[in-house]
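Residue strings, one per chain:
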Amino acid sequence: MGFFDFLTEEIAMDLGTANTLIIHNDKVVVDSPSIVARDRISGKIIAVGQQANLMQGKTHENIKTIRPLKDGVIADFDASEKMINMFIKNIPALRRKLFQPGLRMVICIPSGITEVEMRAVKESAERVNGKEVYLIHEPMAAAIGIGIDIMEPKGNMIVDIGGGTTEIAVIALGGIVCDKSVKIAGDVFTNDIVYYMRTQHNLYVGESTAENIKIQIGSATEDLETPPEEMSVQGRDLLTGKPKQVHVSYREIAKALDKSILRIEDAVMETLSQTPPELAADIYNTGIYLAGGGSMLRGLDKRLSQKTDLPVYIAEDPLRAVVRGTGIALKNISRFKSILVR
């Protein structure tokens, strides 16, 4: 094994619907949108990540932007493989190698994933030279990343709101006791905003603009202590066809997102109702932990707290909590053997 070890590099990857993050040598070396731009004629991939993201919604017929992951799982196998490959090739430390090293990888997957979808992730990893591929469930990785000792006989509840899915899990003794995966997350929020702007303001906005609205003034409640300022939004007027600008406040976005957030609340409540009583007692004391980009929505923690009567904590740097946990699992593979899926 010794010589092989010398040629092996270890990477931890959070292959997300919206963003892909890679940790190598305890550093986040890749943090890019999960999107590729493909040339329709030659079939070549022109750009990945941030570059491709800037092209989104602004392409002519010869360029197509693809998001290879949908709802947390691989939807376009070929594009996802090329994307992973380009991300790995972009890692500075691996660039300097003469030949591509074998990789020991830990990749996180949604908890509601099927066997077939799991195999797609594994095969993608093996094709980019993954010699040892381990998979870890997202809520687990998030819990480790937040800093919870998951091996203890103590219940902890994690709500991970990503781009494609919201993962809710109660974790104890290094295992998921009950979980629920709902396909309502960041992407749905973005689409809600597009729909709202269309119906309420007769303004047609693109996904990138809607995403931007969500980040700038997105809110889960209509009464925030420190409300963000109104935002001016540009798009196309559906009545006249002319470009126009409207001003939008956070209250409107809270209205737009209300239904989707309700469904996340319901999923949390349902998971709580399935929790064994001893663990429910623990959760009463420990509260609920939020991770993922969706947890950064203003006032969401407050709203969940009011609904569940439990304290709700947001992980520090919630966007990277999952990949941090994946990186820790990679470093201590022997310790976390039980929770990794081969």
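Here the structure is a predicted model, which is why all the values come from computation and not from measurement.

**What to know about the packing of aromatic side chains**
Under the counting rule described, the total for this entry stands at 1 aromatic pair. Ring geometry for Tyr289 against Tyr313: centres 5.6 Å apart, planes inclined by 35 degrees, an arrangement best described as tilted. Placement of Tyr289 in strand β17 (residues 288–291) and of Tyr313 in strand β18 (residues 312–314) is noted, with a sequence separation of 24 residues between them. We classify Tyr289 as buried; its relative accessible area is 18%.

**A closer look at the sheet that holds strand β14 (residues 203–204)**
Reading across the sheet, the 3 strands line up as β14-β15-β16 and stay open at both edges, with antiparallel pairing between neighbours. One side of each edge strand has no neighbouring strand; the edge strands of this open sheet are β14 and β16 (243–248). By the bridge criterion, 2 bridges tie β14 to strand β15 (residues 231–237) in an arrangement that is antiparallel. Looking at the pairing, Tyr204 lines up with Arg236 of β15. This element, helix α8 (residues 207–217), spans β15 and β16 of the sheet and lies at about 165 degrees to β15.

**As for the pattern of salt bridges**
If you walk through the whole model with that rule in mind, you get 17 salt bridges. For Glu225, the salt bridge identified is with Lys302, shortest N-O distance 3.4 Å. Taken together, the positions of Glu225 in the loop between α8 and β15 and Lys302 in helix α11 (residues 300–308) put the pair 77 residues apart, joining distant regions of the chain. Judged by relative accessible area, which is 71%, Glu225 ranks as exposed. Within this structure, Glu10, Arg104 and Glu132 form a network of salt bridges that share partners.

Each value, and the rule that gives it
- Residues numbered from 1 in each chain as written.
- Predicted model: local features only at pLDDT ≥ 70, side-chain atom pairs only at ≥ 80, totals over all residues.
- Heavy atoms only, no water.
- Phe/Tyr/Trp six-rings, centres within 6.5 Å; stacked < 30°, edge-to-face > 60°.
- Helix = DSSP H or I, 4+ residues; strand = E, 2+ residues; numbered from the N terminus.
- Buried < 20%, exposed > 50% of the residue type's maximum accessible area, 1.4 Å probe, protein only.
- Pairing = 2+ DSSP bridges.
- Contact = heavy atoms within 4.5 Å.
- Axes fitted to C-alpha atoms, helices over the stretch in contact; angles between N-to-C directions.
- Salt bridge = Lys/Arg side-chain N within 4 Å of Asp/Glu carboxyl O.

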